[in-house]
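Tertiary structure, described
Here is what each chain is made of, one letter per residue.
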Amino acid sequence: MPAQETRWLEQAGREIRAVVPAAWPTARAAAWLEWADGESLAEAEFDLCKALRTYSTRLGVAGCELGLFDVAGADAFRRALMADILDGVLALRRADPVADTPAPILFDLSDEDGRTSFGGWLATWRSRRAGRAAGAALEDHLRAVSLAVRNCEGEGEACRDPRRNARLARAARAARQSGADDAMILDAIALATVWDQDAAATPQAQTQTPCAVVIAQAHDPLAAHAGWETGEVLATPSPAYAQALSRPRPTYCAVVNAHRFVGEAGFDAEGFAGAVRLAAVVLALQAKEAVQTSATAIGLAGLHETLIAQGLAYGSPQGRLETAGLTALAAAAAANTAAEMAEHIKGTVATSAPDIDALERMRAATSGLATDAAAKAGDLLAAAIARAAKTGLWRRAVLDLAPHPDLRLAVGTGSTGIAPYKGPCTLDETEDGTVLPVLCKAATTGLLILGSDVAAARAYALGVRDLNVADGVNRPTLLAAGFTDLEIGKAQDSLASVRRLVDAFAPDVLGEGFVHDVLGAPEGADTDVLALAGFDTETVADAEQQLVGTGTLRGAPGLDAHAQSVFAGADELEANDLIAMAAGCMPFADLAPTLDAPLAGDATPATAIEAQAAAFKAGAPLVRLIRVAAPPALHLPEEEPAPAARPASATPPPPPQERIVERIVERDRTRRRLPDRRKGYIQKASVGGHKVYLHTGEYDDGELGEVFIDMHKEGAAFRSVMNNFAVAISIGLQYGVPLEEFVDAFVYTRFEPAGVVTGNDSIRSSTSILDYIFRELGVSYLDRQDLANADPDALNADGLGEPEPMPVAKFISKGFSRGAAPDNLLFLPNARKWKAVEPQSGTDSAEG
């Protein structure tokens, strides 16, 4: 049993205290915790090894009851299953329910009826897409109707009457133009008082068009055009591949990691076949139904890493040959295990007629593969055929070559199915939980096999991670730029785990005080510290490559073209490499992987036909055309194009209608900096029992330039959100966004805390924190008295009330004025000069 430790793991939005193998990364432990929860093995004080022991014992007992094991055999099975899981050889997953996902519909485009039916499917897809777009637009307009009533400040009846609520009238007209009838508009008005801001005013039924699987010729325009338009068409030239998609989905899946069987002596085919055999037995015992050949599936992991560890390129003929041999061996081991179990099962095996022809075709295909794995596969297939002819196949697990990204973490590898790995650089977790970039084990083994300099390759891909030996950005240049040993030490410590150099010199790493006070970075702005310190772009780019590496071995010194192709990641391979790999492995697979043929956003239907034909020619089993970018935006001219010349006898056109053209004016994007010594005020209040401190900063002319929002006793997450929200508002104000826009956008927003406001003499209630803040700013800076809701009886008829005389010090900071008004006298150089008031006739004027 491996060493274990207790960790806190996150699952489904909650943290669980679990006992896990100490050598497992947190991500892998979390993946197995999710598996155990699906198997109803999770507990409050969770022990993964205990759960694995319970699970394997349960399966062993089931095997004894069926006659597959005796007691000793069940114990050996339990120990072998636990060892394979703990060593990263095997991973398991129960399929998620897919009841809400419609099953694909099969169309055969070789006959007219199939083409007609497929045309109906395409018409349904188009109508539902148009309906969704129209429904979304209609929903937005009805939402605006409800908002016009909800945000109205008048009395209830006036707010619900379009003749007295101008905003409601505009929203209702727009809703009617979008297709809403009067009943829908009246319903939206009636629902305004109970309408949930996060819910739709008129919920639309969401229906999904089932995916289409079409059997088509390479240059069939109907299949290619539909795939180009929808991205939901799987095209195949083979009826067998199409029929496989209509079978019941696998209810349980096991993935075997082939990379674990690469050693100094090469690939261990015998051990790999044994792991597949164990996985097949586990799946057979796990299945709930009797015999369903598609109820369980075996997938493969680490195929690309297996090639790299042997110095073989994914796109090379030898690489494809080795992968096909491994795939054949996996299929053969699974089939032979099903035949062996049929011999030992107690009682009569209720099985369908064994597909001898399919096994014979697999056996024939192995004869063309000159590899050790393929030779062993041929022997196992021969044995399976002989056994199946007598006793059949019991719960045979199908071979699935599709990627299984959810099992990648559980098995601890970088690739699943026949998909390539992403690249040689991966992440590793240290004992203290720090995640560091490293070269994957396969890349290191491959470099040794090819005789390359591992240290040089690692430095090229991952960087030297040491400021003492770097060029351009190093200790001397940083000291010259104003850094101290403290900041350089912080950057050096952060450099071990970052992927970009700028992240090692981020303000939260170095300290906000240093970045703002020493380097002079503005408050509340995203700061490129190295650029601020005077390092030019080219110097930083060169230093980044040296310090944190390139993330790839492409172009690494000492690697020839072949070596670089061995370590190429998914983004460096050609689409034809993926298609050729799938074509070579498909004779041994029951479930074909779907290969996406990427198209540009502006690709034409003719381009789609060419892409489909090229994929079929290369041997792709299932092709889906995907436009990888959105179609280009539609740009309409502001003016009508000049009409073509008309014959003199033609009827003159009607006079043109008057049109209003809205023009967009680009505003100045220069940031207006606040003075270093600025005035403002602090308002303390309580909203629904929650204290809020609003700090403002002003320009010399009194215009608002920044705000700070503090809520000291709230949760850390909420405080952080409010602080960063205030930063965003401040930046907007300094770039010229009018305060009126912010006020109109955020008043009347509704969320907790809300309710009674105390401590503010203008505002007595608010619907949210943001509603209170922008009411206060609107009243104080925009004279928006319509946003104040204080007691009107406190004011007299002229709106001024009868205030007591107050000293100037109550409004002017003594510290800000620095004693300029010691006697509470304030001279306003820009104040208007008051003219003497002429006394009315018949009255005496007082001299003073």
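Residues numbered from 1 in each chain as written. Predicted model: local features only at pLDDT ≥ 70, side-chain atom pairs only at ≥ 80, totals over all residues. Heavy atoms only, no water.

A few points about the overall build of the protein
Secondary structure summary: the protein contains 31 helices and 21 strands in total. Across the 848 residues in the protein, those meeting the buried criterion constitute 41%. Contacts spanning at least 24 positions in sequence make up 67% of the contacts within the protein whose residues lie at least 6 apart. Here the protein has roughly 45700 Å² of accessible surface; of this, 53% comes from carbon and sulfur atoms. (Helix = DSSP H or I, 4+ residues; strand = E, 2+ residues; numbered from the N terminus. Buried < 20%, exposed > 50% of the residue type's maximum accessible area, 1.4 Å probe, protein only. Contact = heavy atoms within 4.5 Å. Areas by Shrake-Rupley, 256 points an atom, 1.4 Å probe, with all protein chains shown as cover.)

Considering the sheet that holds strand E18 (residues 690–698)
If you walk across this open sheet you meet the five strands as E19-E18-E17-E20-E21, and the pairing is antiparallel. Looking along the sheet, the strands with just one partner apiece sit at the ends: strand E19 (704–710) and strand E21 (765–766). Here six bridges tie strand E17 (residues 682–687) to E18, and the two strands are oriented antiparallel to one another. Considered in E18, the bridge of Ile682 is made with His695. (Pairing = 2+ DSSP bridges.)

Considering the state of the cysteines
Throughout this description, disulfide means a covalent bond between two cysteine sulfur atoms. Applying the stated rule across the entire model yields one disulfide. Between Cys425, a free cysteine, and Cys440, which holds the nearest cysteine sulfur, the sulfur-to-sulfur gap is 8.1 Å. (Disulfide = S-S within 2.5 Å.)

Things to note about helix H13 (residues 356–366)
Burial in H13 covers these residues: Ala358, Leu359, Met362 and Thr366. With its buried residues spanning 100 degrees around the axis, H13 presents them on a single face. Seen from the buried face of H13, the exposed residues on the opposite side, beyond 90 degrees, are Asp357, Arg361 and Ala364. Against helix H12 (317–344) and helix H14 (372–391) lie the buried residues of H13. (Arc of directions from axis to C-beta.)

Looking at the packing of helix H2 (residues 48–66) against helix H3 (residues 71–86)
Packed helix pairs are characterised by how far apart their axes lie and by the angle those axes make with each other. Running from amino to carboxyl end, H2 crosses H3 at an angle of 145 degrees, the nearest separation of the two axes being 9 Å. Handedness of the crossing formed by H2 with H3: right-handed. Packed against H2, whose contacting residues are Cys49, Leu52, Arg53, Tyr55, Ser56, Thr57, Leu59, Gly60 and Cys64, the element H3 presents Val71, Ala74, Phe77, Arg78, Leu81, Met82, Ile85 and Leu86 at the interface. (Axes fitted to C-alpha atoms, helices over the stretch in contact; angles between N-to-C directions. Left-handed = near helix turned anticlockwise from the far one by under 90°.)

Quick word on the side chain of Ser766
Within the element layout of this structure, Ser766 appears in strand E21. Residue classification places Ser766 among the buried residues on the basis of a relative accessible area of 7%. Side-chain polar atoms of Ser766 contact the backbone oxygen of Ser768, separated by 3.2 Å. Those residues in contact with Ser766 that sit more than four places away from it in its chain are Val687, Ala754, Gly755, Val757, Asp771 and Tyr772. (Polar contact = N/O pair within 3.5 Å; in protein donor to acceptor, adjacent residues only side chain to side chain.)

Considerations on the sheet that holds strand E7 (residues 233–236)
One open sheet accounts for five strands, arranged E5-E6-E7-E16-E15; its pairing is mixed. Each of the sheet's edge strands pairs with one partner strand only, and the pair in question is strand E5 (105–108) and strand E15 (594–599). Taken over all neighbouring pairs, the strand axes of this sheet differ in orientation by 30 degrees on average, direction set aside. Of the pairings in the sheet, the one linking E5 to strand E6 (residues 212–215) comprises four bridges and is parallel in character. Of the residues in E6, the one forming a bridge with Leu106 is Val213. Where helix H27 (residues 605–618) meets the sheet, it contacts E7, E15 and strand E16 (622–627), and its direction lies at approximately 150 degrees from that of E16.

Description of the packing of aromatic side chains
Under the definition given, this model contains 14 aromatic pairs. Judged by centre distance (5.0 Å) and plane angle (25 degrees), the ring pair of Phe746 and Phe774 falls under stacked. With a gap of 28 residues between them, Phe746 in helix H29 (residues 739–746) and Phe774 in helix H30 (residues 769–782) connect regions that are remote in the sequence. Of the two residues, Phe746 and Phe774, both sit in the buried class. Lying across the ring of Trp228, Arg627 places its NZ or CZ 4.3 Å from the centre. The positively charged end of Arg672 is found above the aromatic ring belonging to Tyr699, 3.7 Å away from the centroid. (Phe/Tyr/Trp six-rings, centres within 6.5 Å; stacked < 30°, edge-to-face > 60°. Lys NZ or Arg CZ within 6 Å of the ring centre and 35° of its normal.)

Focus: the environment of Phe725
Residue placement: Phe725 occurs in helix H28 (residues 716–734). Note: C-alpha distance between Phe725 and Ile709 (16 residues apart in sequence) is 8.6 Å. Setting aside residues up to four positions removed in sequence, Phe725 forms contacts with Ile709, Phe746, Leu770 and Phe774.

With respect to the pairing of E15
A one-sided burial pattern is seen for E15, the buried positions being Leu595, Ala597 and Leu599 and the unburied ones Thr594, Asp596 and Pro598. Sheet topology note: the E15/E16 ladder contains six bridges and is parallel. Residue pairing in the sheet places Thr594 in a bridge with Leu622 of E16. Taking the sense of rotation as the criterion, the β-α-β connection linking E15, H27 and E16 turns out right-handed. (Right-handed = clockwise from strand over helix to strand, strands pointing away.)

Quick notes on the pattern of salt bridges
Per the counting criterion, the structure on display carries 27 salt bridges. Between Asp161 and Arg164 there is a salt bridge whose closest N-O contact spans 3.5 Å. Linked through salt bridges whose partners overlap, the residues forming this network are Arg277, Glu340, Glu343 and Arg387. (Salt bridge = Lys/Arg side-chain N within 4 Å of Asp/Glu carboxyl O.)

Details of the confidence of the model for the protein
Of the residues in the protein, 81% have a pLDDT of 70 or more, and the chain-wide mean is 81. The lowest-confidence element of the protein is helix H31 (residues 814–817), averaging 62 in pLDDT; the highest-confidence one is helix H11 (residues 303–309), averaging 96. In this model, residues 289–294 is a region of pLDDT below 50 whose contacts with residues beyond four sequence positions or in other chains number 15 contacts. Low pLDDT, under 50, characterises residues 826–848; the predicted model gives this stretch three contacts beyond four residues in sequence or across chains. (pLDDT = per-residue confidence, 0-100.)

Concerning the packing of helix H4 (residues 112–150) against helix H8 (residues 221–230)
Relative orientation of the contacting elements H4 and H8 amounts to 15 degrees, with a least axis distance of 12 Å. Comparing their axes, H8 and H4 come out roughly parallel. In the packing of H4 onto H8, the handedness of the crossing is left-handed. Between H4 and H8, the contacting residues are Arg115, Phe118, Trp121, Leu122, Trp125, Arg126 and Arg129 on the first element and Leu222, Ala223, Ala226, Glu229 and Thr230 on the second. (Parallel < 35°, antiparallel > 145°, perpendicular 65-115°, else oblique.)

Quick word on unusual backbone geometry
Note the cis peptide between Glu752 and Pro753, where omega equals 0 degrees. In this structure, Arg465 takes a positive phi of about 60 degrees despite not being glycine. With respect to the helices and strands, the residue Arg465 is situated in the loop between helix H17 (454–462) and helix H18 (475–480). When its relative accessible area of 15% is taken as the criterion, Arg465 is described as buried.

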